[in-house]
Amino acid sequence: PQKLFTRLMNWSQIRQCSKAGIHIGSHGYSHLNMSKITNKETLIHEIGGSKKRIFKETGIEPKIFAFPNG
């Protein structure tokens, strides 16, 4: 069977997209399955850390969050 995989964008590509007017949304800092996380501090890090990193890299605060793994 054929293996499917997702190639992630690097920060240089993300910055280029952002400069071109594409909105960069947040998706969690380390792409954990958040429906299985019970620790509040971990959730805060995953959501807040992701937003902070995107802002650091692009200068634009993400307004959209896509929940990893549904």
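Here's a quick rundown of the structure. For clarity, every value in this text was computed on a predicted model and none was experimentally measured. (Residues numbered from 1 in each chain as written. Predicted model: local features only at pLDDT ≥ 70, side-chain atom pairs only at ≥ 80, totals over all residues. Heavy atoms only, no water.)

### Examining helix H2 (residues 40-58)
Right, on to step 1. With 19 residues, H2 extends 27 Å from end C-alpha to end C-alpha; this agrees with the ideal 27 Å at 1.5 Å per step.
Right, on to step 2. For H2, the full list of buried residues reads Glu46, Gly49, Ser50, Ile54, Glu57 and Thr58.
Right, on to step 3. Glycine 59, located one to two residues past H2, shows a positive phi value of around 80°. (Helix = DSSP H or I, 4+ residues; strand = E, 2+ residues; numbered from the N terminus. Expected span 1.5 Å × (residues − 1). Buried < 20%, exposed > 50% of the residue type's maximum accessible area, 1.4 Å probe, protein only.)

### As for the side chain of glutamate 46
Right, on to step 1. Within the fold, glutamate 46 resides in helix H2.
Right, on to step 2. An unpaired buried charge is present at glutamate 46: no salt bridge exists, and arginine 53, the closest side chain of opposite charge, is 12 Å distant.
Right, on to step 3. The residues contacting glutamate 46, other than those within four sequence positions of it, are Gly28, Tyr29, Ser30, His31, Leu32, Met34 and Ile37. (Lys, Arg positive; Asp, Glu negative; His and termini not counted. Salt bridge = Lys/Arg side-chain N within 4 Å of Asp/Glu carboxyl O. Contact = heavy atoms within 4.5 Å.)

### Considering the environment of isoleucine 60
Right, on to step 1. Among the structural elements, isoleucine 60 can be located in the segment after H2.
Right, on to step 2. Since its relative accessible area comes to 44%, isoleucine 60 is described here as partly exposed.
Right, on to step 3. On a C-alpha basis, the gap between isoleucine 60 and isoleucine 24 in space is 8.4 Å, while along the polypeptide they are 36 residues apart.
Right, on to step 4. Sequence-distant contacts of isoleucine 60, that is, excluding residues within four places in its chain, are made with Ser18, Ile54 and Phe55.

### Structural notes on helix H1 (residues 11-19)
Right, on to step 1. Measuring from the backbone nitrogen of serine 12 back to the side-chain oxygen at the start of H1 gives 3.1 Å, which picks out asparagine 10 as the cap.
Right, on to step 2. Where H1 terminates, the next one or two residues include glycine 21, which has phi positive at roughly 95°. (Polar contact = N/O pair within 3.5 Å; in protein donor to acceptor, adjacent residues only side chain to side chain.)

### Topic: the layout of surface pockets
Right, on to step 1. Of the pockets and cavities examined, the largest pocket occupies roughly 470 Å³.
Right, on to step 2. The wall of the largest pocket is formed by 16 residues, among which Met9, Trp11, Ile14, His31 and Ile54 lie closest to the centre.
Right, on to step 3. At the level of elements, H1 and H2 are the ones that each hand at least two residues to the lining of the largest pocket.
Right, on to step 4. Of the residues contributing to the lining of the largest pocket, the split by class is eight nonpolar, seven polar and one charged. (1 Å grid on protein atoms, 1.4 Å probe; cavity = no way out; pocket = protein on both sides within 12 Å on 5 of 7 lines; lining within 4 Å. Points joined across faces, edges and corners; volume = space filled by probe spheres on them. Nonpolar A, V, L, I, M, F, W, Y, C, P; charged D, E, K, R; others polar.)

### Points about a nonpolar patch on the surface
Right, on to step 1. Together, Ile47, Phe65 and Phe67 line one region of the surface with nonpolar side chains, adding up to about 230 Å² of accessible area.
Right, on to step 2. Looking at the secondary structure, you find phenylalanine 67 in the segment after H2. (Patch = residues over 30% accessible without salt bridge, like charges linked within 9 Å, V, L, I, M, F, W, Y side chains within 5 Å. Areas by Shrake-Rupley, 256 points an atom, 1.4 Å probe, with all protein chains shown as cover.)

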